[in-house]
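Descriptive structure summary
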Amino acid sequence: MSYLEWAESQLAEIELLTSMFPTREELEITDQLALAELRDYVEGSASTDCPPPSRPHFLIKQKLERTDVILSCAYPSEYPSVLPEITVRCADLSRAQQTQLHTDLNAFLMENCLGEVCVLSAVEWVKDNLQLFINQSLSAAPTPKKESSSSRPQEVFSRLWIYSHHIYNKTKRKNILEWSKELGLSGFSMPGKPGIVCVEGLHSACEEFWSRVKVLTWKKIMIRHREDFPLDAQCGDSRTVESIDSLRKFTGFEEAMFDPHGNRGNHMDLGQLYQFLNEKGCCDIFQRYFGIEGR
């Protein structure tokens, strides 16, 4: 299929979804500009023959018998020849069950829907299977019990260095920024080709961030390197916060750009990246990413 054929399929599916879910309480288009650009491209009124760089993103909200669920959907340029990026949000799912649901949903779509528009199929699959995952989550929940401070598991401060073949998609970039803030993580992300993400904070928060990011659609993504630092289990909460802050290399989380260049502005100046890492005391990471020493 050509980019135009992919775009035509995407627009047709959005129009179908709009007719099936007519209210904002059911379907919310979160990027109206991206939708307008997609429509202009399909209808031939765009000023360029290239597909629009921004991708449509929308939320499908379903009120089920016992719970509410939201499907966050975004289209890669090549959809439906590749799977859409779908994240399922439900307050009644544990983190492990949410990860398993995403894995099973993607496996179902890959086996049954690849090459065809499939968001409706995803919605129906979630409606049919969500309660099973909730039941598993409830049955697996441990019985709460009081523990003395001496028996608490030791907290760990972690730093994850994530590598992606590329990070272009605006929705992914927005998710990375929002999730890091939600989870109290510091670090940075560098969009473009290659894409780099560093997050640091409590081990559990880093693992939650990674569990969300890795289930999105990527050409390639991996943890290139990780650092773990045990925290003093005998410290009180305020001392633990102080200990965490002392281990941070970054203040807050930011999207870092280093003199973007290239035809699509998607390549960064690696020399500037090295200087940035060097200023943060992380210059050794440069060689882990690129196999060469920076300077």
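Let me sum up the structure you'll find in this document. Since we're looking at a predicted model, the values are computed, not measured.

As a packed pair, helix H1 (residues 3-20) and helix H2 (residues 32-43) sit with axes 9 Å apart at the nearest point and diverge in direction by 125°. When the interaxial angle is binned, H1 and H2 end up oblique. For the pair H1 and H2, the sense of crossing is left-handed. In this structure, H1 contributes Tyr3, Leu4, Ala7, Glu8, Gln10, Leu11, Ile14 and Glu15 to the contact, and H2 contributes Leu35, Leu38, Arg39, Tyr41 and Val42.

Omega for the bond connecting Tyr79 with Pro80 falls within 30 degrees of zero, at 15°, which places this linkage in the cis form. Take Pro80: it is sitting in the loop between strand E3 (68-74) and strand E4 (85-89). Phi is positive for Asp259, which is not a glycine, with a value near 50°.

Turning next to the pattern of salt bridges. This structure, assessed with the given rule, holds 16 salt bridges. Notably, a salt bridge pairs Arg226 with Glu207, separated by 2.9 Å at the nearest N-O pair. In this pair, Arg226 sits in strand E8 (residues 221-230) while Glu207 sits in helix H6 (residues 203-214), placing the two residues 19 residues apart along the sequence. Note on Arg226: relative accessible area 31%, which makes it partly exposed. Here the residues in one salt-bridge network are Arg95, Glu182, Glu208 and Arg212, joined through shared partners.

Attention now moves to the side chain of Gln10. Note that Gln10 resides in helix H1. In this structure the side chain of Gln10 is engaged in a polar contact, spanning 2.6 Å, whose partner is the side chain of Arg55. When neighbours within four sequence positions are excluded, Gln10 is seen to be in contact with Leu38, Arg55, Tyr75, Pro76, Ser77 and Tyr79.

Attention now goes to H6. Along its 12 residues, H6 runs 16 Å from first to last C-alpha, staying within 8% of the 16 Å computed at 1.5 Å per residue. All of the buried residues along H6 are Ala205, Cys206, Glu208, Phe209, Trp210, Ser211, Arg212 and Val213. Buried residues belonging to H6 abut helix H3 (95-112), strand E5 (156-164), helix H5 (170-182), strand E7 (195-202) and E8.

As enumerated under the stated definition, the model contains 2 cavities of 30 Å³ or more in all. Here the largest cavity is characterised by a volume of approximately 50 Å³. Around the largest cavity, the lining residues are His57, Ser72, Cys73, Ala74, Glu85, Thr87, Thr171, Lys172, Asn175 and Leu216. Within the lining of the largest cavity, the residues separate by chemical class into 3 nonpolar, 5 polar and 2 charged. Taken as a whole, the second largest cavity holds about 30 Å³ of empty space. As for the second largest cavity, its lining consists of Tyr3, Trp6, Ala7, Gln10, Leu38, Tyr41, Pro51, Pro52, Arg55 and Ser77. Within the residue set of the lining of the second largest cavity, elements represented by two or more residues are H1 and H2. Of all the elements, H1 adds the most residues to the lining of the second largest cavity, at 4 residues. Residue classes in the lining of the second largest cavity are distributed as 7 nonpolar, 2 polar and 1 charged.

This part is about the sheet that holds E3. The strands making up a sheet associate through backbone hydrogen bonding, with each pair oriented either parallel or antiparallel. With respect to topology, 4 strands assemble into an open sheet ordered E1-E2-E3-E4, the strand pairing being antiparallel. Each of the sheet's edge strands pairs with one partner strand only, and the pair in question is strand E1 (27-29) and E4. The average angle at which neighbouring strand axes cross in this sheet is 15°, direction not considered. As judged from the 7 bridges shared by strand E2 (residues 57-63) and E3, these two strands associate in the antiparallel manner. Looking at E3, one finds that Leu59 is bridged to Ser72.

Let us now look at the nonpolar core. If you look at the biggest cluster of nonpolar residues, it comprises 35 residues, and the most contacted ones within it are Phe58, Ile60, Leu71 and Val119. Where this core is concerned, the elements lending two or more residues are H1, E1, H2, E2, E3, E4, H3 and helix H4 (119-140). For this core, the element with the highest residue contribution is H4, accounting for 8 residues. Setting aside residues up to four positions removed in sequence, Phe58 forms contacts with Ile14, Leu17, Leu27, Glu28, Ile29, Thr30, Leu71, Ser72, Cys73, Tyr75 and Val119.

Conventions we followed
Residues numbered from 1 in each chain as written. Predicted model: local features only at pLDDT ≥ 70, side-chain atom pairs only at ≥ 80, totals over all residues. Heavy atoms only, no water. Axes fitted to C-alpha atoms, helices over the stretch in contact; angles between N-to-C directions. Helix = DSSP H or I, 4+ residues; strand = E, 2+ residues; numbered from the N terminus. Parallel < 35°, antiparallel > 145°, perpendicular 65-115°, else oblique. Left-handed = near helix turned anticlockwise from the far one by under 90°. Contact = heavy atoms within 4.5 Å. Salt bridge = Lys/Arg side-chain N within 4 Å of Asp/Glu carboxyl O. Buried < 20%, exposed > 50% of the residue type's maximum accessible area, 1.4 Å probe, protein only. Polar contact = N/O pair within 3.5 Å; in protein donor to acceptor, adjacent residues only side chain to side chain. Expected span 1.5 Å × (residues − 1). 1 Å grid on protein atoms, 1.4 Å probe; cavity = no way out; pocket = protein on both sides within 12 Å on 5 of 7 lines; lining within 4 Å. Points joined across faces, edges and corners; volume = space filled by probe spheres on them. Nonpolar A, V, L, I, M, F, W, Y, C, P; charged D, E, K, R; others polar. Pairing = 2+ DSSP bridges. Core = buried A, V, L, I, M, F, W, Y, C linked by side-chain atoms within 4.5 Å.

Read these as layout, nothing more, since geometry by itself doesn't imply function.
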